[in-house]
Amino acid sequence: MTAVISLSSILGSQAPRLQALPPLSLYIHLPWCVKKCPYCDFNSHEARSSNMPEEDYVAALIRDLEMALPQIWGRKVVSVFFGGGTPSLFSARSIDTILTAVRTLLPLEHLAEVTLEANPGTVEAQKFADFRAAGINRLSLGIQSFNPGHLQALGRIHDGDEARRAVEIAQKNFDNVNLDLMYALPNSATEQTLDEARQDITTAVSYGVPHISAYHLTLEPNTLFHRYPPSLPDDDLAAEMQVMIEQTLAYSGYTNYETSAFAQAGRESRHNLNYWLFGDYLGIGAGAHSKISFADKIVRQMRCKQPKEYLARTADTMDAPLQEQHEVGRDERGFEFMMNALRLTAGFATEMFQQRTGLPITAIQQQLDTAEQRGLIVRDHQRITPTLAGRRFLNDLLQIFLPEKTGA
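Residues numbered from 1 in each chain as written. Predicted model: local features only at pLDDT ≥ 70, side-chain atom pairs only at ≥ 80, totals over all residues. Heavy atoms only, no water.

A look at the overall build of the chain
Thinking step 1. What the chain contains, in helices and strands, is 16 helices and 17 strands.
Thinking step 2. For a compact globule of 408 residues, the expected C-alpha radius of gyration is about 22 Å, and the chain comes in at 22 Å, within 12% of that figure.
Thinking step 3. For the chain, the C-alpha atoms occupy an extent of roughly 85 × 55 × 45 Å along the three principal directions.
Thinking step 4. By residue count, 51% of the 408 residues in the chain fall in the buried class.
Thinking step 5. Sequence separation of 24 or more characterises 72% of the internal contacts of the chain that already satisfy a separation of 6 or more.
Thinking step 6. Taken as a whole, the chain presents about 19,600 Å² of accessible surface, with 51% of it coming from carbon and sulfur.
Thinking step 7. Side chains of the chain carry 37 positive and 47 negative charges; the gap between the two charge centres is 4 Å. (Helix = DSSP H or I, 4+ residues; strand = E, 2+ residues; numbered from the N terminus. Rg over C-alpha atoms; globule rule 2.2 N^0.38 Å. Buried < 20%, exposed > 50% of the residue type's maximum accessible area, 1.4 Å probe, protein only. Contact = heavy atoms within 4.5 Å. Areas by Shrake-Rupley, 256 points an atom, 1.4 Å probe, with all protein chains shown as cover. Lys, Arg positive; Asp, Glu negative; His and termini not counted. Charge placed at Lys NZ, Arg CZ, Asp CG, Glu CD.)

Okay, here's the thing in structure tokens:
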């Protein structure tokens, strides 16, 4: 008798498989904000009294989570992140309802990091105390700048005094606070100076918060700033600002552990570290993204972006309200891993590559050789780390790992 070998068995033996699934985080998107900022390309929508159906949206989030359970059944959640929009527009009662459902439906790790994003213009002392009581244990404040001219040019709804007051209220209620700042900013009259950028970062440091994020303002497509670019510092001045920020924070005891993130010892964002190390995350809410691993595949998803459609889909179907879904191909896994992990200043353990992609490190041997020859990484058998040049020219480094395009 002739043995019959199926094509699927041949392909299955060649497909990369994961020996163990990576850590799992939960992202919850609350898409409304008071005012759309001209630089923002996130899925956010201005909240008016008639178009923020808070109660219905909370119910939709819970249904979304229930429908997603078969994909992550039995897996422990290591962190939760409420992003937006401006999640602090929601009531503490709504946040408590969502977190109660999360704890009921999922095994949440003991002392899991639970972050809520907030903007200074939405800060109320009692509300923040209630967020803490609901289970939020880390607050991320979108300060952007303490300078009123820069805040006005950025379209922010708060001024410098409100920013300072927000930090003080946050610290009274949370011992784990992140401040988001931006540099290379416009002003109502002229662009940001080096001294003004220094004033922002030294003000942030003076509060002694455990975590500071400092982002270079970029003009993203589909934003007002992209259509009508403001006057910004040139590349040389922006580079000076970056070096000044890194030196100021290092002198003040903060480690630059990721491209734009600085933390006191042991206070790195666990949620974001899971992203950078190619961990898994389930995203629920309008426009939320997911990356979910299985033994034989890695899947990326995006929920419906428009809140009205998201609400309708969660109410009317038994399927998750997906707008897009695709499997991460073998050739894409190496690039996607490196695109995340090379943002980490300390790089990654070599064995992590195979654990998270199912591929041997030799699958990207040629690209690693090229990156090393160009002085963009250093490596040994245990670790791969971007050099200072690799961090400064991260896009050039990542280009090396782009999968080759096939076909005409």
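So, a negative patch on the surface
Thinking step 1. Where like charges cluster on the molecular surface, the negative patch consists of D234, D235, D236 and E240.
Thinking step 2. You can see E240 is positioned in helix α9 (residues 235-251).
Thinking step 3. The partly exposed category is assigned to E240, whose relative accessible area is 44%. (Patch = residues over 30% accessible without salt bridge, like charges linked within 9 Å, V, L, I, M, F, W, Y side chains within 5 Å. Salt bridge = Lys/Arg side-chain N within 4 Å of Asp/Glu carboxyl O.)

With respect to the pairing of strand β9 (residues 255-258)
Thinking step 1. Relative to strand β10 (residues 261-263), β9 runs antiparallel, the two being bridged by three bridges. Across the sheet, residue N256 finds its bridge partner in β10, namely F262. (Pairing = 2+ DSSP bridges.)

Quick look at the packing of aromatic side chains
Each aromatic ring pair is described using two quantities: the centre-to-centre distance and the angle formed by the ring planes.
Thinking step 1. Taken as a whole, this structure holds 12 aromatic pairs when the rule is applied.
Thinking step 2. Summarising the aromatic geometry, the rings of F128 and F131 are spaced 5.9 Å apart at their centres and angled 50 degrees between planes, so their arrangement reads as tilted. Here F131 and F128 lie together in helix α4 (residues 125-134), a separation of three residues that amounts to about one turn.
Thinking step 3. We classify F128 as buried; its relative accessible area is 0%.
Thinking step 4. Ring centres 4.5 Å apart and planes at 55 degrees place the aromatic pair Y275 and Y281 in the tilted group.
Thinking step 5. Residue classification places Y281 among the buried positions, given a relative accessible area of 13%.
Thinking step 6. Among the aromatic residues, ring-to-ring pairing joins W32, Y57, F90 and Y310 into one connected group. (Phe/Tyr/Trp six-rings, centres within 6.5 Å; stacked < 30°, edge-to-face > 60°.)

Side note on the packing of helix α7 (residues 194-206) against α9
Thinking step 1. Close contact between α7 and α9 brings their axes to 10 Å; oriented N to C, the two are set at 25 degrees. As summarised for this structure, α7 and α9 are arranged roughly parallel, according to the angle between their axes. As for the relative orientation of α7 and α9, their crossing is right-handed in sense. On the side of α7, the interface is formed by L194, A197, R198, I201, T202 and V205, while α9 contributes L237, E240, M241, M244, I245, T248 and L249.
Thinking step 2. Tallied by class, the residues present in the contact of α7 with α9 amount to nine nonpolar, two polar and two charged. (Axes fitted to C-alpha atoms, helices over the stretch in contact; angles between N-to-C directions. Parallel < 35°, antiparallel > 145°, perpendicular 65-115°, else oblique. Left-handed = near helix turned anticlockwise from the far one by under 90°. Nonpolar A, V, L, I, M, F, W, Y, C, P; charged D, E, K, R; others polar.)

Some points on the environment of P386
Thinking step 1. By secondary structure assignment, the location of P386 is in strand β17 (residues 383-386).
Thinking step 2. With relative accessibility at 3%, the residue P386 sits in the buried group.
Thinking step 3. As a C-alpha pair, P386 and A371 span 15 residues in sequence and 9.2 Å in three-dimensional space.
Thinking step 4. P386 has contacts with L342, L344, T345, G347, L376, I377, R391 and L397, leaving out every residue within four places of it along the chain.

Details of the pattern of salt bridges
Thinking step 1. The final tally for this structure, using the stated rule, is 10 salt bridges.
Thinking step 2. Here R303 ties to D64 by a salt bridge, and the two come within 3.0 Å at their closest N and O atoms. Of this pair, R303 sits in strand β13 (residues 298-303) while D64 sits in helix α2 (residues 54-72); the two residues are 239 residues apart in sequence, bridging distant segments of the chain.
Thinking step 3. By relative accessible area, which is 0% here, D64 ends up buried.
Thinking step 4. A salt bridge links R313 to E309; the nearest nitrogen and oxygen atoms lie 3.8 Å apart. Linking R313 with E309, this pair stays in helix α11 (residues 307-316), spanning four residues, or about one helical turn.
Thinking step 5. The exposure class assigned to E309 is partly exposed, which follows from its relative accessible area of 38%.
Thinking step 6. Each member of the salt-bridge network shares a partner with another, and the members are R75, D280 and K291.

A short note on the packing of helix α3 (residues 92-105) against α4
Thinking step 1. Running from N to C, α3 and α4 point in directions that differ by 10 degrees, and their axes come no closer than 9 Å. As far as their axial angle goes, α4 and α3 are roughly parallel. For the pair α3 and α4, the contacting residues are A92, I95, D96, L99 and R103 in the first and K127, D130, F131 and A134 in the second.
Thinking step 2. Split into classes, the residues belonging to the contact of α3 with α4 amount to five nonpolar, no polar and four charged.

Focus: unusual backbone geometry
Thinking step 1. In this structure, the amide linkage connecting G84 to the following residue, G85, adopts the cis form with an omega of 20 degrees.
Thinking step 2. Unlike most non-glycine residues, Q144 shows phi in positive territory, near 70 degrees.
Thinking step 3. As for its placement among the helices and strands, Q144 is situated in strand β6 (residues 138-144).

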